[in-house]
Amino acid sequence: MKKAISEIVVEEGARIRKDAGDIAALEKSIANVGLLNPVVLDENNRLVAGYRRLVACRNLGWQEIEVTVVPFGGDVLKLLDAEADENLFRKDFTPAEIIAIEKRREEINRQRRGTLLQRFWRWLKGLFAGTPGQK
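Residues numbered from 1 in each chain as written. Predicted model: local features only at pLDDT ≥ 70, side-chain atom pairs only at ≥ 80, totals over all residues. Heavy atoms only, no water.

*Asks:* What is the right way to look at the packing of aromatic side chains in this model?
*Replies:* Aromatic rings considered in pairs are described by the distance between their centres and by the relative angle of their planes. Applying the stated rule across the entire model yields 1 aromatic pair. Ring centres 5.7 Å apart and planes at 35° place the aromatic pair phenylalanine 120 and tryptophan 123 in the tilted group. With a gap of 3 residues between them, phenylalanine 120 and tryptophan 123 both fall in helix 5 (residues 116–128), about one helical turn apart. Overall, the relative accessible area of 45% leaves phenylalanine 120 in the partly exposed class. (Phe/Tyr/Trp six-rings, centres within 6.5 Å; stacked < 30°, edge-to-face > 60°. Helix = DSSP H or I, 4+ residues; strand = E, 2+ residues; numbered from the N terminus. Buried < 20%, exposed > 50% of the residue type's maximum accessible area, 1.4 Å probe, protein only.)

Written out as structure tokens, the structure is:
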């Protein structure tokens, strides 16, 4: 479900994370591939998890953001646990996995470029694409 960013309540005093940090890379990712994980709100529109995503989307000029609403019934311990768990119980990529990502990215780009003959053929077709009478 989508929610207007202006309706989301961020209770700064109750949150553990106060500083969004450098979110330029996150903003770039969201601009390129979209918001992959919605922010989490309680039933009163209070932000539970996803502060950096919320700030990034706001910086990108978004008016609405995808949200997941979880009813916590005002249980402050559950709210704290949810914020902490989202950040503690995740696994970063290992250095080997990061290398594998980069290798795969290079492979995909190489496939997209095509062979020398395919690139030459595309260039040659491009020369004649604007010639009158040919389509």
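Following the structure, the description resumes.
*Asks:* In this structure, what is going on with the sheet that holds strand 1 (residues 2–4)? I would like to understand it.
*Replies:* Two pairing modes exist for strands in a sheet, parallel and antiparallel, and in both the strands are linked by backbone hydrogen bonds. Strand order in the open sheet formed by 4 strands is 1-4-2-3, and the pairing between neighbours is mixed. At either end of the open sheet lies a strand with only one pairing partner, and these are strand 1 and strand 3 (47–49). Pairwise comparison of adjacent strand axes, ignoring direction, gives a mean angle of 55° for this sheet. Across 3 bridges, the pairing between strand 1 and strand 4 (residues 64–69) is antiparallel. Within strand 4, the residue paired with lysine 3 across the bridge is isoleucine 65. Helix 2 (residues 51–59) rests against strand 2 (39–41), strand 3 and strand 4 of the sheet, and its axis sits at about 115° to strand 3. (Pairing = 2+ DSSP bridges. Axes fitted to C-alpha atoms, helices over the stretch in contact; angles between N-to-C directions. Contact = heavy atoms within 4.5 Å.)

*Asks:* Where do I start with the environment of glutamate 12 in this structure?
*Replies:* Looking at where glutamate 12 falls in the secondary structure, it is placed in the loop between strand 1 and helix 1 (24–33). Along the chain, glutamate 12 and leucine 47 lie 35 residues apart, while their C-alpha atoms are 9.8 Å from each other. Apart from residues lying up to four places away in sequence, glutamate 12 is in contact with Lys18 and Tyr51.

*Asks:* I'm lost on the nonpolar core in this one. Help?
*Replies:* Buried together is how nonpolar side chains tend to be arranged in soluble globular proteins. Counting 16 residues, the largest nonpolar core has Ile8, Val39, Leu47, Leu54 and Ile65 as its most contacted members. Elements with a contribution of two residues or more to this core: strand 2, helix 2 and strand 4. No other element matches helix 2, which puts 5 residues into this core. Ignoring anything within four residues of it in the chain, the contact list for isoleucine 8 reads Lys3, Leu41, Asn45, Leu47, Leu54, Ile65 and Val67. (Core = buried A, V, L, I, M, F, W, Y, C linked by side-chain atoms within 4.5 Å.)

*Asks:* When you look at the pairing of strand 4 in this model, what are you seeing that I'm missing?
*Replies:* Sheet faces and side chains relate simply in a regular strand, where the side chains alternate between the two faces. Bridge count for strand 2 against strand 4 is 3 bridges, and the pairing is parallel. Opposite valine 39, over in strand 4, you have valine 67 as the bridge partner.

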